[in-house]
Amino acid sequence: MKPTILLLLLTSNICIGQNKKGAISDISNKYQLIRELISTNALRQLHTDYTCEETSEEGALTFYYNGNELKHIIHTHTQGHVKYRDEFYIWNDELFFQYAIHNISYIDIERNKSKKRQKVDVTLTLEERFYFKDRKVIKCQFKDFENRSNRKNITTNYVRNKNIGCDQAVKAIEKFEILLQYQESNIEDACNLPKSITNIEPQDIIFSKSGVH
């Protein structure tokens, strides 16, 4: 490859990297500002609780507005031992960050120091993060970790994110667009609302963690 062409490619890659870094920094700044507005109760809220009639499922949908401008959406949903939480962050009517968390509680069996089998309460946490700029996804991350009742708890801040492919970003956008429709209307089909982690089946991780086959 000729030196001139190689230099152009390197320059182009550097520019792309710098643009992406700048976009991520901008997303972080907007996210922090919205979080601050929420923590100080500066945003108007539109909140709806719902319960599914035929099951034990229940959830809540909350929209946050700065004046008439939508800034944030939270959708939570509980079904038995599974809890979902989707968060969407909006700027100038565009989604710029989506965060999903999925907690699954179950009981595992393991041997203690005395080699006796004992029951252990386990909470498995799955998280997704999608970063958007100009309606295009620019970064996607995933993490999973677990807390056990016989060990010291860990929090998400101590678990490294893994960069992943962005195929599932389309699902995040679809969830966002569906939830937008419920800003000024009653939720008649709440049990069908989209929820949380899109790219993995919870039971698959439970089986892999517990050794169940």
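Look a little higher up for the structure.
The shown structure was predicted, so the numbers you read here are calculated from the model rather than taken from an experiment. (Residues numbered from 1 in each chain as written. Predicted model: local features only at pLDDT ≥ 70, side-chain atom pairs only at ≥ 80, totals over all residues. Heavy atoms only, no water.)

K.L.:
Explain the side chain of Glu87 residue by residue, including any values.
P.N.:
Following the sequence through the fold, Glu87 ends up in strand 4 (residues 82-91). The exposure class of Glu87 is buried, given its relative accessible area of 7%. Looking at Glu87, its side chain comes within polar contact range of the side chain of Arg85, at 2.7 Å. When residues no more than four places from it in sequence are discounted, the contact partners of Glu87 are Arg35, His72, Ile73, Ile74, Phe97, Gln98 and Tyr99. (Helix = DSSP H or I, 4+ residues; strand = E, 2+ residues; numbered from the N terminus. Buried < 20%, exposed > 50% of the residue type's maximum accessible area, 1.4 Å probe, protein only. Polar contact = N/O pair within 3.5 Å; in protein donor to acceptor, adjacent residues only side chain to side chain. Contact = heavy atoms within 4.5 Å.)

K.L.:
Which residues make up the state of the cysteines, and what values do they have?
P.N.:
Linking two cysteines covalently through their sulfur atoms gives a disulfide. Enumeration according to the criterion identifies one disulfide in this entry. Shown here is the disulfide that connects Cys140 with Cys166, its sulfur atoms set 2.0 Å apart. One disulfide, between Cys140 and Cys166, carries an S-S torsion of 120 degrees and so falls in the right-handed class. Of this pair, Cys140 sits in strand 7 (residues 136-148) while Cys166 sits in the loop between strand 8 (162-163) and helix 2 (169-180), and the two are 26 residues apart along the sequence. A relative accessible area of 27% places Cys166 in the partly exposed class. (Disulfide = S-S within 2.5 Å.)

K.L.:
Please give an account of the pairing of strand 6 (residues 117-133) that cites residues and values.
P.N.:
As paired strands, strand 5 (residues 94-111) and strand 6 are joined by 15 bridges and run antiparallel to one another. The residue of strand 6 that forms the bridge with Phe97 is Tyr131. Linkage of strand 5 to strand 6, two consecutive antiparallel strands, is achieved through a turn of five residues, within which Lys115 is found at a positive phi near 70 degrees. Bridging between strand 6 and strand 7 involves twelve bridges; their strand directions are antiparallel. Paired with Lys133 across the bridge in strand 7 is Lys136. Hairpin connection from strand 6 to strand 7: two residues lie between these consecutive antiparallel strands, with Asp134 at a positive phi of about 50 degrees. (Pairing = 2+ DSSP bridges.)

K.L.:
I'd love a proper account of the packing of aromatic side chains, names of residues and values included.
P.N.:
Two measures describe an aromatic ring pair: the distance that separates the ring centres and the angle between the ring planes. Evaluated as defined, the whole model comprises six aromatic pairs. Here the aromatic rings of Tyr89 and Phe96 are separated by 6.4 Å at their centres, their planes lie at 55 degrees, and the arrangement is tilted. Residue class for Phe96 comes out buried when judged on its relative accessible area of 5%. Each ring, one from Phe97 and one from Tyr131, has its centre 5.0 Å from the other, and the planes form 50 degrees; the classification is tilted. Of the two residues, Phe97 is situated in strand 5 and Tyr131 in strand 6; the sequence distance between them amounts to 34 residues. Residue class for Phe97 comes out buried when judged on its relative accessible area of 7%. (Phe/Tyr/Trp six-rings, centres within 6.5 Å; stacked < 30°, edge-to-face > 60°.)

Remember that the coordinates give geometry; whether it matters functionally is a separate question.
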